[in-house]
Amino acid sequence: MCLTIAPQYSKENAVLSTLQPDNCPSSARLSTAFEMGSRAAAPFHGHQSQPWHVEKNRRIQNARRPLPAWYYRVASLEYTRGRDPYPEDFDEDLSELEESDDSDEKECECDGDASECECDFEDEDKESERSYDGSDADNYYELKETRKERKRELLEQRERHEEEKKARIEYAKEKEEEVNAAYESFRKARRRAKKKNKTIPLDSIAGRTFKLFSSDYAEFWNPHLLDGTKYVEFYHLDDQGGFDFSRNAGKRVGTEKRPIDGHVYFDAENGCSFGPLPLPTMARRKNVKIKGDGKYDLSFNFFANGYLKLRVPRDLLKGALVSPSTAPQIFEFVGILRDYEKERKEIAEAREKTAKNRPPSPRESYFEMNHFMGSWAQSRW
């Protein structure tokens with residue numbers, strides 16, 4: 001018979017001891033192995049030890065958790081189209097851009113909406129191991145990286161647009177100051193002429209073009225559109241209804257009292273035609289009002305040679321504005337006579353300055369111009 005004494009703790013050294021006679025079968029032997037540790041060396045107070053606390057595996061939680069809503073939307077587009085998504089496909093979920101992705105690492109503020117929350121996946125950026133390991137993990141992380149690149153691209157684009165916007169506004173204000181200074185000079189000259197019972201004559205504007213500038217328009221203009229020259233042009237119509245844009249149109253015999261027509265151009269989609277308009281022959285403070293395309297109220301002020309002011313309604317510019325609902329009801333533009341000769345000289349000077357500062361082209365080197373393997377010799381074949 002094999003007598004076995006249950007293990008007990010010794011008060012002196014708390015070592016577990018067992019009595020196992022030599023004749024006891026091996027199947028009935030008790031294991032005496034015991035790993036000394038802090039729990040074994042501690043005094044025994046007669047209470048049962050607490051079970052070990054096992055934390056839930058965070059990776060398992062993340063693998064089971066739904067991914068953000070943007071991923072399911074873009075992945076569905078990827079599946080239905082049968083191709084990789086375009087960067088623009090992520091724009092719907094990137095309405096608010098931050099300077100960096102550090103804002104994603106803040107405390108979770110998703111209010112329990114697991115479909116939108118991505119907080120538990122953000123620590124993976126600082127770890128070498130990805131936290132989500134579902135069956136579509138590779139596709140998720142690939143799209144997430146594309147989304148981050150698109151976010152950085154939009155942020156850089158926004159910063160570039162802001163810089164260009166400031167430059168446009170400053171340039172428009174400079175032109176407005178120039179025209180306003182001319183208007184103040186006109187008011188002083190008008191008071192002097194009025195005392196002498198005289199008027200201030202104006203040169204004919206037939207066949208002339210005025211470039212238009214407005215700081216308000218520059219502020220609300222849509223930067224995604226092509227930024228071209230904005231202008232208003234005046235011309236006579238011949239007997240067949242054709243346009244006479246020649247610069248000498250206003251100097252021809254018999255044209256002094258003929259009315260003029262015109263066209264206001266902002267871009268390819270926004271503009272209007274107007275006329276006939278009485279040809280202004282003297283400077284006046286009173287505005288000349290006319291309908292553009294039969295529905296837009298235009299107001300011109302011809303107060304000096306080479307300058308004018310134009311007021312147009314917001315509806316005429318609606319297609320060129322970022323947020324038409326918050327834009328002014330009326331936009332005021334200043335016009336400056338376009339000098340084509342001066343513009344050509346300025347362009348030539350700018351090109352000459354650029355050519356001087358430009359480093360020599362590799363195609364102009366001795367090898368490229370003289371060796372039979374150079375670009376000059378190869379371009380002959």
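Note that this is a predicted model, so its numbers are computed, not measured.

Student: Explain the overall build of the chain to me, using residue names and the numbers behind them.
Tutor: Along the backbone of the chain there are nine helices and nine strands. Burial status across the chain gives 31% buried among its 381 residues. For the chain, contacts bridging at least 24 residues in sequence account for 56% of all contacts bridging at least 6. Surface accessibility of the chain: about 26900 Å² in total, with carbon and sulfur atoms responsible for 49%.

Student: So what's going on with unusual backbone geometry? Which residues, and what values?
Tutor: Note that the residue after G275, namely P276, is joined by a cis bond; omega there is 0°. One can find P276 in strand β5 (residues 270-277). One non-glycine residue with positive phi stands out, namely N197, at about 60°. Located in the positive-phi region is D293, a residue other than glycine, with phi close to 55°. Here D293 shows up in the loop between β6 (288-292) and β7 (296-304). Owing to a relative accessible area of 42%, D293 belongs among the partly exposed residues under this scheme.

Student: Residues and numbers for a positive patch on the surface, please.
Tutor: A contiguous patch of positive charge, built from K188, R191, R192, K194, K195, K196, K198 and R285, is present on the exposed surface. On the secondary structure map, R191 appears in helix α4 (residues 137-195). Owing to a relative accessible area of 46%, R191 belongs among the partly exposed residues under this scheme.

Student: I'd like a description of the side chain of R73, backed by residues and values.
Tutor: Here R73 lies in helix α3 (residues 69-81). Ignoring any residue separated from it by four or fewer positions in sequence, one finds R73 in contact with D89, F90, E92 and D93.

Student: Which residues make up α4, and what are the values?
Tutor: Across its 59 residues, α4 extends 86 Å between first and last C-alpha, which sits within 8% of the 87 Å expected from 1.5 Å per residue. Where α4 ends, the next residue or the one after it, N197, has phi of about 60°, a positive value.

Student: Describe the nonpolar core, and please don't skip the residues or the numbers.
Tutor: Core analysis: the largest hydrophobic core is formed by 41 residues, its most contacted members being F234 and L298. If one sorts the elements of this core by residue count, β7 sits on top with five residues. Among the nonpolar cores identified, the runner-up in size contains 13 residues, and A75, A137, Y140 and Y141 belong to it.

Student: I'd love a proper account of the packing of α3 against α4, names of residues and values included.
Tutor: Running from amino to carboxyl end, α3 crosses α4 at an angle of 100°, the nearest separation of the two axes being 11 Å. Classed by the angle they form, the pair α3 and α4 counts as roughly perpendicular. Contacts between α3 and α4 involve W70, Y71, V74, A75 and E78 from the first element and N139, Y140, L143, K144 and R147 from the second. Partitioning the contact of α3 with α4 into residue classes produces six nonpolar, one polar and three charged.

Student: Report on the pattern of salt bridges, specifying residues and quantitative values.
Tutor: Pairing of side chains with opposite charge becomes possible as their charged atoms draw close. Here the structure, examined in full by the defined rule, presents 13 salt bridges. E332 is the partner of R311 in a salt bridge, and the nearest nitrogen-oxygen pair spans 3.4 Å. In this pair, R311 sits in strand β8 (residues 307-313) while E332 sits in strand β9 (residues 330-337), placing the two residues 21 residues apart along the sequence. Residue R311 is classed as partly exposed on the basis of its relative accessible area of 37%.

Student: An account of a negative patch on the surface is requested, with residue identities and associated values reported.
Tutor: Together, E156, E159, E162, E163 and E164 make up a negatively charged patch on the protein surface. Counting through the fold element by element, E163 comes out in helix α4. Classification of E163 as exposed rests on a relative accessible area of 58%.

Student: Break down the packing of aromatic side chains for me, with residues and values.
Tutor: Applying the stated criterion across every chain yields a total of 21 aromatic pairs. Seen in terms of ring centroids, F234 and F274 are 5.9 Å apart; in terms of plane orientation they differ by 70°. Their pairing is edge-to-face. On the criterion of sequence distance, the pair formed by F234 in strand β2 (residues 231-237) and F274 in strand β5 is long-range, its members being 40 residues apart. Three or more aromatic residues link up through ring pairs in this structure, and these residues are W70, Y71, Y72, F90, Y132, Y140 and Y141. Lying across the ring of Y86, R83 places its NZ or CZ 3.7 Å from the centre. One cation-aromatic arrangement involves K309 over Y183; the distance from NZ or CZ to the ring centre is 4.3 Å.

Student: Tell me about the pairing of strand β4 (residues 260-267), residues and numbers included.
Tutor: Burial within β4 is extensive, with six of its eight residues counted as buried. Direction of pairing for β2 relative to β4: antiparallel, over a ladder of five bridges. Note that in β4 the partner of E233 across the bridge is H263. Strand direction decides the pairing type here: β4 and β5, joined by six bridges, are antiparallel. If you follow V264 over to β5, its bridge partner there is C272. Counting the residues between successive antiparallel strands, the hairpin from β4 to β5 contains two residues.

Conventions and cut-offs
Residues numbered from 1 in each chain as written. Predicted model: local features only at pLDDT ≥ 70, side-chain atom pairs only at ≥ 80, totals over all residues. Heavy atoms only, no water. Helix = DSSP H or I, 4+ residues; strand = E, 2+ residues; numbered from the N terminus. Buried < 20%, exposed > 50% of the residue type's maximum accessible area, 1.4 Å probe, protein only. Contact = heavy atoms within 4.5 Å. Areas by Shrake-Rupley, 256 points an atom, 1.4 Å probe, with all protein chains shown as cover. Patch = residues over 30% accessible without salt bridge, like charges linked within 9 Å, V, L, I, M, F, W, Y side chains within 5 Å. Salt bridge = Lys/Arg side-chain N within 4 Å of Asp/Glu carboxyl O. Lys, Arg positive; Asp, Glu negative; His and termini not counted. Charge placed at Lys NZ, Arg CZ, Asp CG, Glu CD. Expected span 1.5 Å × (residues − 1). Core = buried A, V, L, I, M, F, W, Y, C linked by side-chain atoms within 4.5 Å. Axes fitted to C-alpha atoms, helices over the stretch in contact; angles between N-to-C directions. Parallel < 35°, antiparallel > 145°, perpendicular 65-115°, else oblique. Nonpolar A, V, L, I, M, F, W, Y, C, P; charged D, E, K, R; others polar. Phe/Tyr/Trp six-rings, centres within 6.5 Å; stacked < 30°, edge-to-face > 60°. Lys NZ or Arg CZ within 6 Å of the ring centre and 35° of its normal. Pairing = 2+ DSSP bridges.

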